[in-house]
Amino acid sequence: MIRKSLLLKIFDAAYIQRWNDKVRPMELAELDKQAHKMVIAYFLGKFEEKREDFNWIEIIEGGLFELLQRIVITDLKPPIFYKIKENPAKYRQLNEWVFNQLEPILLPLGKEFYKRFQDYFTNDSKGINRRILGAAHFYATKWEFDIIERANPNGYEIDSIKQGLQERQEEYYDLKGMEQLIKHAKYRNFLDLCGQLRFQIRWANLHRIPKTSVMGHSLFVAILAYLFSLEITACEKRRVNNYFTGLFHDLPEVLTRDIISPVKRSVEGLLDLLKEYEREEMEKEVYGLIPESWHPEIRMFTENEFDSLAAIDGRMKKTTSSEINDKYNDDIYNPRDGEIVKAADELAAFIEASVAIRNGSHSPELLEAKLSIKNRYAKLKAAGINLGEIYADFE
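Values in this document were obtained by computation on a predicted structure and should not be read as measured data.

Chemist: Describe the packing of helix 18 (residues 338–358) against helix 19 (residues 364–377), and please don't skip the residues or the numbers.
Modeler: Where helix 18 meets helix 19, the closest approach of the two axes is 9 Å, and the angle between their N-to-C directions is 140 degrees. One way to sum up the angle between helix 18 and helix 19 is to call them oblique. As for the relative orientation of helix 18 and helix 19, their crossing is left-handed in sense. For the pair helix 18 and helix 19, contact is made by Lys342, Ala343, Glu346, Ala349, Phe350, Ala353, Ser354, Ala356 and Ile357 and by Leu366, Leu367, Lys370, Ile373, Lys374, Arg376 and Tyr377, respectively. Looking at side-chain class alone, the contact of helix 18 with helix 19 contains ten nonpolar, one polar and five charged residues.

Below, the structure written as structure tokens:
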């Protein structure tokens, strides 16, 4: 069962400021960095997914586990953390402390999930899935550093940080995706384009603490969709599709900007017009930056993202999450729960509004959004998940 304590702990990453001892032209939040990291992990993973030892679930859960660890040890500067990591005994003690902090909020998800979380940090694996996450972590950090360096090119530690990042980059040259990024500017442009979602602030006209970007929101939705999928014992492909739909569902907004729901619904036909414009812009600006073989999957993640789908008679067809539970909960059907992604998207918006109100922002728009979302889901189920119980936790 997903509880309020876990949801708020994950959302704590929106408060954590990165590079906060350096001049920054913009705020760089941990939630945004982790979101960008998982987009990069998807990109790198696509070049390795035919390997026998590759597994999308290990990448998704590894990204979540690393985020949770980071939230707990946020006060440790990276050089100190890596120094501790070099000492197995000290690193084990640090992780034991992390486990103790997170045990009460992770156990409601089940003992198996909590054990996977522990095993991730106690098993020193060097497999392809860990290496992809390591490379994605590096690339997202380097992307941020390039912004920092421009703001203070002669600043303290800048040269040593730059040298350290260069040395780390060389560790990942064996990955096909890293090789492709070095060779092809269009692939770097794709990751830069996705990174621009870090600049787009949600609820931009309202005072909120913490502010959240479209990219950070997308990771939150992806994590919620994945946890919901675990709760209903979704097949592996279904979990993966739900996660990456959550992660990429707002990608078209990099071309249109974040348009709030009341505006979309204010004029009859406006929502359909926006969807058509998004499709046109995606064709013009995005699909040319990625391999053609990826296009069907990215379309599924970004177009009609709230429709539930399954591969029936060789074609992706619209269905319901209930039908997927009954008939199509198997990898061969390549199922995706748009209903779960929609529920995750709304829950993320509810938490953004709820936390902002708790932190002193009592704007009518936030209060109305919080109340309307809660009322909508108070007695609603998605794929058999009792969403009302989750919202009741916030009373």
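What follows continues from the structure just given.
Chemist: Lay out the environment of aspartate 393 with the relevant residues and their values.
Modeler: Mapped onto the elements of the fold, aspartate 393 is located in the segment after helix 20 (387–392). For aspartate 393, a relative accessible area of 22% puts it in the partly exposed group. Discounting chain neighbours no more than four positions away, the residues touching aspartate 393 are Arg3 and Lys4.

Chemist: I'd love a proper account of the packing of helix 1 (residues 4–11) against helix 18, names of residues and values included.
Modeler: One way to put it is that helix 1 packs onto helix 18 with a least axis distance of 11 Å and a crossing angle of 80 degrees. Between helix 1 and helix 18, the interaxial angle falls into the category roughly perpendicular. Residue-level contacts link Leu7, Leu8 and Phe11 of helix 1 to Leu347, Ile351, Glu352, Val355 and Arg358 of helix 18. Each residue belonging to the contact of helix 1 with helix 18 can be placed in one class, and the counts come to six nonpolar, no polar and two charged.

Chemist: Quick rundown of the pairing of strand 1 (residues 308–312)? Include the residues and the values.
Modeler: Across the five residues of strand 1, four count as buried, placing the element largely inside the fold. For strand 1 and strand 2 (residues 315–319), the ladder comprises five bridges, and the chain directions are antiparallel. Among the inter-strand pairings, alanine 311 is bridged to a residue of strand 2, identified as methionine 316. Linking strand 1 to strand 2, which pair antiparallel, is a turn of two residues; within it aspartate 313 sits at a positive phi near 55 degrees.

Chemist: Can you lay out the packing of aromatic side chains for me, pointing to particular residues and giving the numbers?
Modeler: Scanning all chains against the criterion turns up 34 aromatic pairs. Following the ring pairs from residue to residue traces out a cluster consisting of Tyr42, Phe43, Phe47, Phe54, Trp56, Tyr187, Tyr226, Tyr243, Phe244, Phe248, Trp294 and Phe301. Over the face of the ring belonging to tyrosine 120 we find arginine 130, whose NZ or CZ atom lies 3.7 Å from the ring centre. The ring of tyrosine 287 is capped by arginine 299, whose NZ or CZ atom sits 4.5 Å from the centre of that ring.

Chemist: Any chance you could break down the side chain of serine 218 for me, citing the residues and the numbers?
Modeler: Along the chain, serine 218 falls in helix 11 (residues 214–231). A relative accessible area of 2% means that serine 218 is categorised as buried. Excluding residues that lie within four positions of it along the chain, serine 218 makes contacts with Gly246, Leu247, His249 and Asp250.

Calculation criteria
Residues numbered from 1 in each chain as written. Predicted model: local features only at pLDDT ≥ 70, side-chain atom pairs only at ≥ 80, totals over all residues. Heavy atoms only, no water. Axes fitted to C-alpha atoms, helices over the stretch in contact; angles between N-to-C directions. Helix = DSSP H or I, 4+ residues; strand = E, 2+ residues; numbered from the N terminus. Parallel < 35°, antiparallel > 145°, perpendicular 65-115°, else oblique. Left-handed = near helix turned anticlockwise from the far one by under 90°. Contact = heavy atoms within 4.5 Å. Nonpolar A, V, L, I, M, F, W, Y, C, P; charged D, E, K, R; others polar. Buried < 20%, exposed > 50% of the residue type's maximum accessible area, 1.4 Å probe, protein only. Pairing = 2+ DSSP bridges. Phe/Tyr/Trp six-rings, centres within 6.5 Å; stacked < 30°, edge-to-face > 60°. Lys NZ or Arg CZ within 6 Å of the ring centre and 35° of its normal.

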